[in-house]
Structure formats: structure tokens, C-alpha cells
Amino acid sequence: MPLHHAVLALLTRRPNHGYELKARFEEAVGPQWGGLNIGHLYQILERLVRDGYVSRSQVTQTDRPDKNLYTLTEAGEAELRSWATTAWVRVGGFRDELFLKLLGAVALGPQALTTLIDSQRQTYLSELAGLAQQRRAHADEPLVAVLIDAAIAHTKADLGLLDSAAQHLGPLATAQGAQAPERSRSQAQGGMGEAGGHGGMRGDRTESA
């Protein structure tokens, strides 16, 4: 539960209330991660309180409604230390929509595969340009810069994947494309046969009349 642990990390400095945590999270990770939904954050905080990793106290305010203040407990710090010092292992596989698009393009033949790869390459190049601009804008924010560097490395790897896809999937797409005329002829012949059958039935009815 990485977001849960990120909240624990933010609470190591000082106690915070929900909206402070949201702002600090978004400032810490920068634009690449995206915003943190406040409703989801409060669900996380509720679970952390239930698990004993965070304590909650109420602060009275004279000019506005009372607010809840969340504080890291010793158990929470121990949980954070255990998580933050253990290597991350990918468990979900690679579920990128691009792979499904490649499946569809190969089925349609070489022209469709080439169109997809060219279009995707331009998209990645545009992403790299935007990431380079973000990198310059956040050069003095170390954590944000690391996340942007990761995005740049990932996008460059995706560009290399397109070259691999063209090389390895090209022959398969060509084979699929060669089968397309055969399928079309088979469907056309099947349609003619059905039409002939219906015509004979109509003829039988006419002769009977």
C-alpha cells in the first residue's frame, strides 16, 4: 500500500491535518504523479488510525470548524522503516495498453502496424520534450527531479520497444495481411452461396404458384 506509507513518511516531520498532507504530498512528488484525491486521503488516514500507525486528535479553532490532527506513532515509524528499506518487487506484470494495440494492429496487417508504430513514436517524442521542460523547471527539487528522470528513462525505453516491435512483429503482420484476401474471398463465396440458396427458394415458390 504505497500511498499509505507515503503518508507515514510525510508525518515523520510533524503532525498534520488532511489538507496539509495533500498539499505536502503533491509538492513532494511533483506533477508526474498527479494529484491526491482528498477523499481517498481521508480513507487512508482512517485505516492508518485503525491499524495503530497514526493517532488522531482534535484541534479547536475559534474562527472555523475544528480540525483533526494526525500524528505518527512508534508503530507507524517502525512500519515505515520496514517498508522504506525493503526492495520493491514488481508483482502485477506489464499491463500497458500499447501491447493490446500491437495485438490489434498485427491482426490488421503491416500497414496498420506501421501506422501505429509511427504514431506512437511521435507521441513518445512529444512526451520527452515535455518531460525535459519539466526537468528544467524542477531542477532544484531533488525528489521531483528523480521522478521526472524516471519518466524520461521509461519513455526512452518505450521508444526502443517500438523498434523491437517493428522488427519482431513485422513478419507476423505481413502473414496476417496475406491471409486477409483469402478471408475476403471465402466470405464473398459464402455470401453468394447463401444468396443462391434464397433465390432457389423464391424460384420454387414462383413455380408452385
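Predicted model, so just to flag it, every value in this text is computed and none were measured. (Residues numbered from 1 in each chain as written. Predicted model: local features only at pLDDT ≥ 70, side-chain atom pairs only at ≥ 80, totals over all residues. Heavy atoms only, no water.)

(A) Focus on the overall build of the protein chain. Across its full length, the protein chain carries 7 helices and 2 strands. Counting from the amino terminus, the protein chain carries its helices and strands in the arrangement α-α-α-β-β-α-α-α-α. Expressed as a percentage of contacts within the protein chain between residues at least 6 apart in sequence, the contacts between residues at least 24 apart total 57%. Carbon and sulfur atoms form 55% of the exposed surface of the protein chain, whose accessible area is close to 13,900 Å². (Helix = DSSP H or I, 4+ residues; strand = E, 2+ residues; numbered from the N terminus. Contact = heavy atoms within 4.5 Å. Areas by Shrake-Rupley, 256 points an atom, 1.4 Å probe, with all protein chains shown as cover.)

(B) Representation of the environment of Leu36 within the structure. In this structure, Leu36 sits in the loop between α2 (18-29) and α3 (38-50). In this structure, the C-alpha to C-alpha distance between Leu36 and Leu21, residues 15 residues apart in sequence, is 9.5 Å.

(C) Up close: the side chain of His17. Counting through the fold element by element, His17 comes out in the loop between α1 (2-10) and α2. In this structure, His17 is in contact with Lys67, Asn68, Leu69 and Tyr70, ignoring residues within four places of it in sequence.

(D) Highlighting the pattern of salt bridges. According to the stated counting rule, one finds 8 salt bridges in the structure shown. Residues Glu46 and Arg56 are paired through a salt bridge, measuring 2.9 Å at the closest nitrogen-oxygen approach. One end of the pair, Glu46, is in helix α3; the other, Arg56, is in strand β1 (residues 54-59), and 10 residues separate them in sequence. For Glu46, a relative accessible area of 43% corresponds to the partly exposed category. The residue Arg121 makes a salt bridge to Asp163 at a minimum N-O spacing of 2.7 Å. (Salt bridge = Lys/Arg side-chain N within 4 Å of Asp/Glu carboxyl O. Buried < 20%, exposed > 50% of the residue type's maximum accessible area, 1.4 Å probe, protein only.)

(E) Focus on the nonpolar core. Core analysis: the largest hydrophobic core is formed by 19 residues, its most contacted members being Val7, Leu8, Leu11, Leu21, Phe25 and Leu48. Sort the elements by how many residues they give to this core and α1 lands first, with 5 residues. Core analysis: the second largest hydrophobic core is formed by 18 residues, Ile117, Tyr124, Leu162 and Ala173 among them. (Core = buried A, V, L, I, M, F, W, Y, C linked by side-chain atoms within 4.5 Å.)

(F) Expanded view of the packing of helix α5 (residues 97-108) against helix α6 (residues 110-137). In the contact formed by α5 and α6, the axes pass within 7 Å of each other and the chain directions differ by 150°. When the axis of α5 is compared with that of α6, the two are roughly antiparallel. Of the residues in α6, those in contact with Leu98, Lys101, Leu102, Ala105, Val106 and Leu108 of α5 are Ala112, Leu113, Leu116, Gln120 and Tyr124. Of the residues contributing to the contact of α5 with α6, the split by class is 9 nonpolar, 1 polar and 1 charged. (Axes fitted to C-alpha atoms, helices over the stretch in contact; angles between N-to-C directions. Parallel < 35°, antiparallel > 145°, perpendicular 65-115°, else oblique. Nonpolar A, V, L, I, M, F, W, Y, C, P; charged D, E, K, R; others polar.)

(G) A look at the side chain of His5. Tracing the backbone through its elements, the reader meets His5 in helix α1. Residues within four places of His5 in sequence aside, it is in contact with Glu79, Leu80 and Trp83.

(H) Highlighting α1. Of all the 9 residues making up α1, 7 are buried; the element is thus mostly covered by neighbouring parts of the structure. Along α1, the residues classified as buried are Leu3, His4, His5, Ala6, Val7, Leu8 and Leu10.

(I) Local environment of the packing of aromatic side chains. The full count for this structure, using the stated rule, is 1 aromatic pair. When the ring of Tyr19 is compared with that of Tyr42, the centres are 6.5 Å apart and the planes differ by 70°; the resulting orientation is edge-to-face. Of this pair, Tyr19 sits in helix α2 while Tyr42 sits in helix α3, placing them 23 residues apart in sequence. (Phe/Tyr/Trp six-rings, centres within 6.5 Å; stacked < 30°, edge-to-face > 60°.)

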